[in-house]
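Descriptive analysis of the structure
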Amino acid sequence: MTEQQLVDLLKDMTLEEKLGQLTQLDGSCFSGDGPVTGPEQELGIPSEKFPLAGSILSVTGADRIEQIRRICIEAQPHHIPPIFMADVINGYQTILPIPLALGCTFEEEAAKKTGDIMSREAAADGLHITFAPMVDLVKDARWGRVMESTGESACLNSRMAAAMVEGIQGTKENLDGHLGACTKHFAAYGAPTAGKEYNTVELSERSLREEYLQAYQAAVDAGSAMMMTSFNTLDRIPATGNEKVMRGILRDEMGFEGVLISDWNAIGELVFHHVAVDKKEAARQAITAGVDMDMMSGCYMSRMEELIRVGTVKEELVDESVLRILRLKNRLGLFERPNRVEKQPEFGKELLSEESRKAAREIAAKTMVLLKNEESFLPLDREEDIAFIGPYMEEKGILGAWSFFGDREKSVTVLEGIRSKNPSAQAKKGCGILNPGQTIYGFRFHETNEMTEEETAQSIQEAAEYAAAHKKVVLALGESALQTGEGGSRADITIPDVQKKLLDAVYAANSNLAVIVFAGRPLDIRNIREKAKSILYVWMPGTEGGNAIADILYGDSVPEGKLSMSLPYCVGQCPVFHNELWTGRHAEDGVAVENRFQSKYQDIPNAPLYPFGYGLSYTDFSYSAVELSRSQLKRGERLEAAVTVENTGRTAGAEVVQLYLTDECASVARPVRELKDYQKIHLQPGEKKRVVFTIEEDMLRFYDRDMNYVAEPGAFTVFIGTDSANDNAAVFWLEE
Ligand code: NOJ
């Protein structure tokens, strides 16, 4: 349709129809099998009006989508087709590694490919929009949703965000064969106080703008079709009713022109935040803030008519939002091709194809971080005598907390992956993932460890005996996927106690030990570091996880992942991140230990257990000193900072060359250092490469005392190296 046709359509619509377009309902509203209960009942919308909804969420499967689509278009006076949306976060059928793991690739191509695979699969099955990517910057490992972000760096997050949007949306303006992206959660959802889910966010405007907004901006610039509001408050005002943030920052400053949707019942929650007395006031605040679509609060459909009738809200505000939604439907081709599935010649073939599995395996291997490898314990020899032990050896639940559309039965376990290379390999479980009798409740299912204490003790003993009878041990441990994700905040971020017992018993029996760690967050793994010769951090690696792990264990893939979030020393250090600000009493670990009055703890170091950007390879890389093309920089000029990196080992490998900057003196406190650029290179044994970065004024900017975004003259230190703790530095000056 042309823009004029869309405007004409809007003019012809009744207010009720328009409010329907602004409403998104859950698929369960259409189950029709009994009285309306649960969240559907609280909507305050009579069930016969459900088909007026402009969008439906969480319905999957082409047939079911088509059924609901028909119900909707028949009931709607103008037969406007609904948009179907769902949380396709790191895969639809082919599940790829969780986003936090994806961040560890430092590779936009991997993010793009991930977005492309999940998007094509879900589009072929009838969906239109995914609630992804989540680009919220995260620093606190206690928060369960760190798994859904690409980590703690604005630089890395922004590049990953843009790549994900590009991958999800494909290259065609009409998104043909792909989904639209709904970037989330605007804004700063990733900074809940104390890492507690849905908690208040207290952030300075400076930090919000300098760090947190960057990735959303990158997603907007990459053309994200939609944006989702966040549940949290920002400066004490809930984001979903925050006009300054939504209209002021997101639309006016950042240039977002797409559809803005609330998070689930976030409009209704304005009442629970105690900033709106009732749902009517909540609806007023949200539409005033410019929230176009109401996900599952019913406030717009049930309360807006009255607000307009009494003149509290102008109908133009509603029209503005409806038009944006009609434009999106038009862009998706829903008017011409109401059911995109019928038009997909490749329907079905996309799902879990060999090609997607292959890509998932390659990407998963790139996400895994080798944290320790004493005595070159890894890679293993195919002939070696190894005891494979641990609850994750034969576990299928390695898809991550958000992958409920994927079939976990289709995933490759670690043992299956190992057996494809070493058919006689055997494994002993040792214990469950959770403590005996423990249950964790998830969104669609829950998980219980049915083993009793006695069975567990017996099983651990058998595992220890098994370990003692072999030369080497590989132990697969970790937290459960359900201990992460939404509602997955944890105050103790270690592996479950029962697994600690297993680790201790196995270690006592055979200390020639490597540990594979499954996690949705940076865990406190001090006990593992103490005992294991080698640690491979594999996150939640997805459908092909077991194959990718086996590839690394046997050296068919060489580890190249770099931590996208600092791995804390312990939970008391959280949040810990590479770009903390200078304080008046900055303390380096080990320096002036006798000085009490410094910014440090009495009982733990300041440094994380493993810093941001850290990760080993099976080969070694050496770095030359940093060479600068000039040491004085005039405004508008650029300088080049270069290093020569050499592969000094015996295996080909990839290295992420990372550039950090320190502003040595500024009008406001600045980060001790901050990632500003990176390049991934591949080197054959003995090969050298000169890696050149360009530094320009823009990279030196920050918000000064008057909130001007400027670069101030003075000295800057540039660090180029293998992780955020490198000390390969050079200094340059920005002139007046
Ligand atoms: C709530 C989550 O915060 C959001 O990320 C998700 O997309 C919606 N629920 C829909 O499932």
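**Details of the overall build of the chain**
When helices and strands are counted, the chain shows 19 helices and 29 strands. The globule rule puts the C-alpha radius of gyration for 736 residues at 27 Å, and the 26 Å found for the chain is close to it. Dimensions along the principal axes, computed over C-alpha positions, put the chain at roughly 75 × 70 × 50 Å. Per-residue burial over the chain gives 62% buried out of 736 residues.

**Overview of the packing of aromatic side chains**
A full pass over the atoms with the stated rule returns 14 aromatic pairs. With a centroid separation of 5.0 Å and 80° between ring planes, the pair formed by F106 and Y678 is classed as edge-to-face. Here the residue F106 occupies a position in the loop between α5 (99–103) and α6 (108–124), and Y678 occupies one in strand β24 (residues 674–683), the gap between them amounting to 572 residues. Exposure class is identical for F106 and Y678. Each is buried. Ring centres of Y703 and Y709 lie 4.7 Å apart, and the angle between their planes is 35°; this geometry places the pair in the tilted category. Among the residues examined, Y703 registers a relative accessible area of 14% and is labelled buried. Residue classification places Y709 among the partly exposed residues on the basis of a relative accessible area of 37%. The structure contains a cluster of three or more aromatic residues connected by ring pairs, namely Y92, W402, F404 and F405. Sitting over the ring of W402, K184 keeps its end group 5.2 Å from the ring centre. Over the aromatic face of Y466 sits the side chain of K428, whose NZ or CZ is 5.2 Å from the ring centroid.

**Description of the site of the ligand**
All residues in the neighbourhood of the ligand are listed as L57, D87, F131, R145, K184, H185, M228, F231, D263, M295 and E486. One nitrogen or oxygen atom from the side chain of R145 is found 2.7 Å from an oxygen atom belonging to the ligand. Residue K184 places a side-chain N or O atom 2.9 Å away from an oxygen atom belonging to the ligand. When the ligand sits alone it has 300 Å² of accessible area, and the protein chains cover 93% of it. Considering only residue class, the shell around the ligand consists of five nonpolar, one polar and five charged.

**Remarks on the sheet that holds strand β18 (residues 534–537)**
Pairing in this open sheet of six strands is mixed, and the strands run β11-β18-β17-β16-β12-β13 from one edge to the other. Either end of the sheet is taken by a strand with one partner, and the two such strands are β11 (369–373) and β13 (427–428). In this sheet, β18 lies alongside strand β17 (residues 513–518) in parallel orientation, the contact comprising four bridges. Each bridged residue has a counterpart across the sheet, and for V515 the counterpart in β18 is I535. Each of β12 (386–389), β13 and β16 (472–478) touches helix α16 (residues 453–468); the most contacted strand, β12, lies at about 160° to it.

**Remarks on the sheet that holds strand β28 (residues 714–721)**
One open sheet holds the five strands; their spatial order is β21-β29-β28-β23-β24, and the pairing between them is mixed. If you trace the sheet from one side to the other, it starts and ends with β21 (632–633) and β24, each paired once. For strand β23 (residues 653–663) and β28, the ladder comprises six bridges, and the chain directions are antiparallel. When the bridges of β28 are listed, Q658 appears paired with G721.

**Points about the domain arrangement of the chain**
Under the domain assignment used here, the chain contains domain 1 (3–331), domain 2 (363–572) and domain 3 (619–734). Centre-to-centre separation of domain 2 and domain 3, based on C-alpha positions: 35 Å.

**A closer look at the packing of helix α1 (residues 3–11) against helix α13 (residues 315–331)**
Between α1 and α13, the least distance of the axes is 10 Å, while the angle of their chain directions is 130°. Between α1 and α13, the angle is such that the two are oblique. At the point where α1 passes α13, the crossing takes the right-handed sense. Contact residues: E3, L6, V7, L9 and L10 in α1; D319, V322, L323, L326, R327 and N330 in α13. Residues of the contact of α1 with α13, tallied by class, amount to seven nonpolar, one polar and three charged.

**What about helix α11 (residues 279–289)?**
Every buried residue of α11 is accounted for by A282, A283, Q285, A286, I287 and A289. Buried positions along α11 lie against α9 (243–253), α10 (269–272), α12 (299–309) and α13. G290, located one to two residues past α11, shows a positive phi value of around 95°.

**Thoughts on helix α4 (residues 62–75)**
Here α4 is 14 residues long and its end C-alpha atoms lie 20 Å apart, about the 20 Å a rise of 1.5 Å per residue gives. Elements that come into contact with the buried residues of α4 comprise β2 (55–57) and β3 (83–86).

**A look at the packing of α11 against α12**
Direction vectors running N to C along α11 and α12 enclose 90°, while the axes themselves pass 9 Å from each other. It follows from the interaxial angle that α11 and α12 lie roughly perpendicular. For the pair α11 and α12, contact is made by K279, K280, A283, R284, A286 and I287 and by C299, Y300, R303, M304, E306 and L307, respectively. Residues belonging to the contact of α11 with α12 are distributed by class as follows: seven nonpolar, no polar and five charged.

**Focus on the pairing of strand β5 (residues 180–186)**
Most of β5 is tucked away: seven of the seven residues are buried. For the crossover that starts at strand β4 (residues 129–130), traverses helix α7 (residues 154–169) and ends in the parallel β5, the hand is right-handed. In this structure, β5 lies alongside strand β6 (residues 226–229), joined through three bridges in parallel fashion. Paired with F186 across the strands is T229, a residue of β6.

**A short note on the pairing of strand β29 (residues 729–734)**
Side chains of β29 alternate between two faces, with A730, F732 and L734 buried and A729, V731 and W733 left unburied. Summarising the sheet, β21 and β29 pair through two bridges and their orientation is parallel. Paired with Q632 across the strands is W733, a residue of β29. With six bridges connecting them, β28 and β29 associate as antiparallel partners. The residue bridging A715 from the neighbouring strand is W733, located in β29.

The rules behind each value
Residues numbered from 1 in each chain as written. Predicted model: local features only at pLDDT ≥ 70, side-chain atom pairs only at ≥ 80, totals over all residues. Heavy atoms only, no water. Helix = DSSP H or I, 4+ residues; strand = E, 2+ residues; numbered from the N terminus. Rg over C-alpha atoms; globule rule 2.2 N^0.38 Å. Buried < 20%, exposed > 50% of the residue type's maximum accessible area, 1.4 Å probe, protein only. Phe/Tyr/Trp six-rings, centres within 6.5 Å; stacked < 30°, edge-to-face > 60°. Lys NZ or Arg CZ within 6 Å of the ring centre and 35° of its normal. Near = heavy atom within 4 Å. Polar contact = N/O pair within 3.5 Å; in protein donor to acceptor, adjacent residues only side chain to side chain. Areas by Shrake-Rupley, 256 points an atom, 1.4 Å probe, with all protein chains shown as cover. Nonpolar A, V, L, I, M, F, W, Y, C, P; charged D, E, K, R; others polar. Pairing = 2+ DSSP bridges. Contact = heavy atoms within 4.5 Å. Axes fitted to C-alpha atoms, helices over the stretch in contact; angles between N-to-C directions. Domains from an automatic or database assignment. Parallel < 35°, antiparallel > 145°, perpendicular 65-115°, else oblique. Left-handed = near helix turned anticlockwise from the far one by under 90°. Expected span 1.5 Å × (residues − 1). Right-handed = clockwise from strand over helix to strand, strands pointing away.

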